[in-house]
Amino acid sequence: MSFLLRCPNCGVREVTDFGFGGELSQRPRARPSLRELSTYNYFRRNVAGVQREWWYHRSGCRAWFYAERDTRTNVVLWTALPGSEPQAATVTAADDRPTSSGGVGG
Amino acid sequence: MSRLPQQPDERIDRARAINFSFDGRTVAALEGDTIGSALHAAGQRTFSRSFKYHRRRGLFCCVGQCPNCLVAVDGAPGVRACVEPVREGIRVEHLNARPSLEFDVMRATDLFGGPFTPPGFYYKTFIRPRRLWPLYEKVLRHAAGLGVLRRSQDEREWRTEYRRRHADVLVVGGGLAGLSAATAAAELGADVVLVDDGPEPGGRMLADGGAEQARALVATARAAGVEILERASALGYYDGMVPVWQGDTLHQVRARRHVFATGTIDQPLVFSGNDLPGVMLAEGARRLAALYAVAPGERAVLVTTSDRGLEAAASLQTAGVTIVAIADLRRERRSAAEPLISAGAELLTEHTIVEATGRRTVSGAVLAPLGGGGGRRRYPCDLILVSGGSTPASSLPLQSGARAEYSQADGHFALGELPDGVHAAGELADHGGQAAVALSGTLEGTRAALALGLGDDATRQLAVDLAQRLLGAAAERSPVAIPPPVSGADRGKCFACLCEDVTSKDIGLTVAEGYDSIELSKRYTTVTMGPCQGRMCQLASVRLMGAETGQAPEQVGLTTARPPWTTVPMGALAGRPFEPAKRSAIHSRHRTLGATVMWAGDWRRAYHYGNPQEEALSVHRAAGVIDVSTLGKLLLRGPQAGEFLDMMYPNRFSNLAAGRVRYGVMTSDAGRITDDGTICRLDEQSFYVTTTSSGAGAVEQWFSWWLADWRMDVHLTDLTQALCAVNLAGPRAREILSSIAEFDCDPEQFKYLDGRRGLVAGVPCLVLRIGFVGELGYEIHCPAAHGEHLWDALLEAGADVGIRPFGLEPQRVLRLQKMHIIVGQDTDSESNPYAAAMPWIVKLDRDQDFIGRWALEHAAEQQSETQLVGFEMTGATVPTEGSVVVIDGRTPAGQVTSARFSPQLEKVIGLAWVPAALASDGAAITISDAGTTLQAQIVTQPFYDPAGEVLRS
């Protein structure tokens, strides 16, 4: 499992730079039954498809942000800081390249 | 010495001699030699003994693909002599032969052991009698494997550097196609990395007369900005990340497009005695002569399925090797054979080789017409050149998701459809001849750049033109014969797999036993699982499987391509061989004081300073100081800081007055205890939160996550590493602090649970008066740069009253006396505050929601099965932490989580989870500690100063 994520602050990085925070789940607002509480605490939808989830840039700016990722292919559709506009996660334009993290140029 | 006269592209420097040792003998070499070329030049013909049968093996491929020349260099096994450069003074040793290469006792398995060691023998033989298993195991362990690893730690030191390289285009393979592709993409503006595993880039050009051309291409590529990783192996394709191992560095290359130009792998033939030293791949022999001016032999017989073999033999003939006879499996007499025939070689078309004869090395080759029948002829020779076709080196593109399609014309598995982002160029993509290979490279490089959005309409047109020219340049491919799966099987062992000593007969046996699919037979015979990873044997084994099962090769199929493609040491992948250790800024003082330092998580901490019992007692009698800089320290500021803390903890903090401290226990939303610490309100909008040492990171993440989700107006700053903290405790603590503090320490002015800011020993500090170890105490936080000064000042100020530093061990005893729990030691991921004897921490009498509220409401209504309580032992034995609390003599019902002897109380005390029914003062419990039964009584109140009067003094 090796893919890239765009940290909204720092830019594109290897997935190993980040900590995974789990799929987005809604915390119960009103007093839940024991079953609802247990579902919230212990069960996940775990979809085989596009999932909205939390990531934490633990080796960088330590910000928490959302991502939408297809769990079948690990293609990340977008990332965004909470409250911000989603930014396309994968780099597609030629002039918008991931920066090299060190190393000798050609 | 079999050194040839000067060869045009030789890599050796005849003026510079190098000496090294092989099995104790000194060997003379030249700079530029490989270990293999130098040894061969010195007359060595046996380089190793095979894996199972311990048969002699000599140089075969000369390009690092087969297993025959594996040796140990300076104690490190698994080195391929044929590509490893010589260095002055290296100590080279053989592998897998005892007592020597020349006389190996294990050869007995070849002569007699056959019946005992068929494929999968370990499922059939050496099973009965079972009581001999330890003996079998010992013998087999000794016999298995190639080479011995050094045992001592410092001899095995390995340090790998990691480098993350993001690029536009990664080109794997630095031959003609790869260099062309890399240059084309780079000239269009792409950021290109090229990886090549040869002694220098150039691929086949280096040995077939194109070395100068190769160097010119390399210069052009560099000028275009290509980063070339030389002597580097691409290990695999992991979802678009290709790790490249180069010396001591692992480059993790992530490129947006991949161009594979890895070429083809020359194939051997399967015939009787095909593993004898003196049988070499024609291209391998060519390399030995062209690059190192070493004569592979004097009189050679060539067996070939294509023109490539004829060309290789012709160049060897030019170098001085006599070609005696040629068995060409094809029908027509090729023009490439003319130079050989004119020099006297006898050409036999539609013939193949059935046997290599000889004892230690080749002494003759038996050629026979294809299709059986008579007419076998033996030709005396000392070298057999084998050119059995080639197979694309397609492992990496296959790993990326490309399909393999069997090509009838070439008799091998070619690359079919490629996934998006992956390109194949050159011989790998079945282009033949210089012109086509170069065009193909340029085309794929251009296409890769176009796919990235580089280039323009002219570039697009160029790509179309190149593709057109490529079609035209597709040379009339010289015909290639498809060899029979095996010939001469009646004459002796015919090896399909050199690495694992699997013969054609073994494959027949395997199918007969029912392992008739390629994936099953691979695992049963271990074919393709050795050092060559299928380079030499995958195609051969597919043909043999097809013959045995009556299937065509495309029906047999290939086994799944898997990384690593090249043997790589575990150390290169396993990560850096050091453990990061964190030390407090005061650490050097502990060393000077002779502390016993041990790991606590990833911190190095002082466990005690020589006498833990005395240290604990001196805290109680006078004063002690402990370095607690490892505590997590978080600063929360903002208008909603108090509100935030109310949400995060089961008790309240928004009502904490400025300058006051309160203990907090954090729970998860399932109501489980996750961490504990103290919180001091600095002012209206600022709170200083401490956490456990090991929980610091987790709490910071937890807080910042909820802040991100709720978007409250709170700023979180992690001060864990920025501040030091020391705890001064004991009846004399106040007078010691007073003597160096600028503020009033009078008990009325500085009450229990007050937090004060001021200068201590001239250093700005936050001082929290808390009950850390059950005595009058002050936790002093200061900037890390002043930690040592503060420590020294406290020790000096307390010298008169007998202050002693104390470590984690005495701290443990003191806290246990007060029944302070250690989160993670006395609690686990299921413990809630009610069961852990802390019901007072949960404040349900407020309306507000907080993390864990609902779970705790449920927990409050339920009686938990077990409760955390204190106990004291009846006897003097300290039970092991983790011992089981039993009822009815043997039913486990709880466990001991902490236990220590208290010198102050002169008894053994501890904490344990016990059944709720027993959780009352004086109840008797039984502890089972590894077979021993111990008795104890429950104590529910702290063992020392239960009312906390000493703390509040």
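Preceding this section is the structure that the text describes.
1. Considering the side chain of B:Q867
All names here are of chain B.
Move 1: Considering the arrangement of structural elements, one finds Q867 in strand 42 (residues 866-873).
Move 2: Take Q867: its relative accessible area is 17%, and that puts it in the buried class.
Move 3: A distance of 3.2 Å separates the side chain of Q867 from the side chain of S864, its partner in a polar contact.
Move 4: Apart from the residues lying within four places of it in its own chain, the contact partners of Q867 are Y834, A835, A912, W913, V914, A916 and A919.

2. Here's the deal with helix 4 (residues 176-187) of chain B
All names here are of chain B.
Move 1: Helix length check: helix 4, at 12 residues, gives a terminal C-alpha distance of 16 Å against a target of 16 Å (1.5 Å per residue), a fit within 8%.
Move 2: Counting buried positions over the 12 residues of helix 4 gives 11, a clear majority of the element.
Move 3: Summarising the contacts, the buried residues of helix 4 are in contact with strand 8 (161-172), strand 9 (192-195), helix 5 (211-223), strand 13 (249-260) and helix 10 (434-451).

3. A few points about the state of the cysteines
Move 1: All chains considered together, the criterion is met by 0 disulfides over all chains.
Move 2: Of all cysteine sulfurs, the one in A:C61 lies closest to A:C7, which takes part in no disulfide; the gap is 3.6 Å.

4. Observations regarding the nonpolar core
Move 1: Membership of the largest hydrophobic core comes to 83 residues, with the highest contact counts inside it found for B:F20, B:I35, B:V169, B:V192, B:I323 and B:L385.
Move 2: Core analysis: the second largest hydrophobic core is formed by 70 residues, B:L229, B:V244, B:L348 and B:V542 among them.

5. Section: the environment of A:V75
All names here are of chain A.
Move 1: Positionally, V75 belongs in strand 6 (residues 75-80).
Move 2: For V75, a relative accessible area of 40% gives the class partly exposed.
Move 3: Spatially, the C-alpha atoms of V75 and F65 are 16 Å apart, while their sequence positions differ by 10 residues.
Move 4: Residues within four places of V75 in sequence aside, it is in contact with E68, R69 and D70.

6. Focus on the pattern of salt bridges
Move 1: Using the criterion set out here, one finds 60 salt bridges over all chains in the structure.
Move 2: A salt bridge links B:E857 to A:R31, with the nearest nitrogen and oxygen atoms 2.2 Å apart. With one member in each of two chains, B:E857 in helix 24 (residues 853-861) and A:R31 in the loop between strand 3 (19-23) and helix 1 (34-42) form a pair that bridges those chains.
Move 3: B:E857 sits in the buried class, given a relative accessible area of 12%.
Move 4: Two residues, B:E444 and B:R447, come together in a salt bridge whose shortest N-O distance is 2.9 Å. Of this pair, B:E444 and B:R447 both sit in helix 10, 3 residues apart, which is roughly one turn of the helix.
Move 5: Connected via shared salt-bridge partners are B:R55, B:R57, B:R107, B:D110, B:D275, B:K493 and B:D501.

7. Thoughts on the packing of aromatic side chains
Move 1: This model, assessed by the stated rule, comprises 24 aromatic pairs over all chains.
Move 2: Ring centres of A:W64 and B:W705 lie 5.6 Å apart, and the angle between their planes is 35°; on these two criteria the pair is classed as tilted. Of this pair, A:W64 sits in strand 5 (residues 64-70) while B:W705 sits in helix 20 (residues 696-710), which puts the two residues in different chains.
Move 3: Through pairs of rings, three or more aromatic residues link up here, namely A:W54, A:Y56, A:W64, A:Y66, B:F644, B:Y649, B:F653, B:W702, B:F703, B:W705, B:W706 and B:W710.
Move 4: Cation over ring: B:K493 sits above B:Y53, and NZ or CZ is 4.6 Å from the ring centre.
Move 5: In this structure, B:R604 is placed above the aromatic ring of B:W599, and the distance from its NZ or CZ to the ring centre is 4.6 Å.

Cut-offs applied
- Residues numbered from 1 in each chain as written.
- Chains lettered and ligands numbered in written order.
- Predicted model: local features only at pLDDT ≥ 70, side-chain atom pairs only at ≥ 80, totals over all residues.
- Heavy atoms only, no water.
- Helix = DSSP H or I, 4+ residues; strand = E, 2+ residues; numbered from the N terminus.
- Buried < 20%, exposed > 50% of the residue type's maximum accessible area, 1.4 Å probe, protein only.
- Polar contact = N/O pair within 3.5 Å; in protein donor to acceptor, adjacent residues only side chain to side chain.
- Contact = heavy atoms within 4.5 Å.
- Expected span 1.5 Å × (residues − 1).
- Disulfide = S-S within 2.5 Å.
- Core = buried A, V, L, I, M, F, W, Y, C linked by side-chain atoms within 4.5 Å.
- Salt bridge = Lys/Arg side-chain N within 4 Å of Asp/Glu carboxyl O.
- Phe/Tyr/Trp six-rings, centres within 6.5 Å; stacked < 30°, edge-to-face > 60°.
- Lys NZ or Arg CZ within 6 Å of the ring centre and 35° of its normal.

In short, the description is geometric, and any link to function would need to be established separately.
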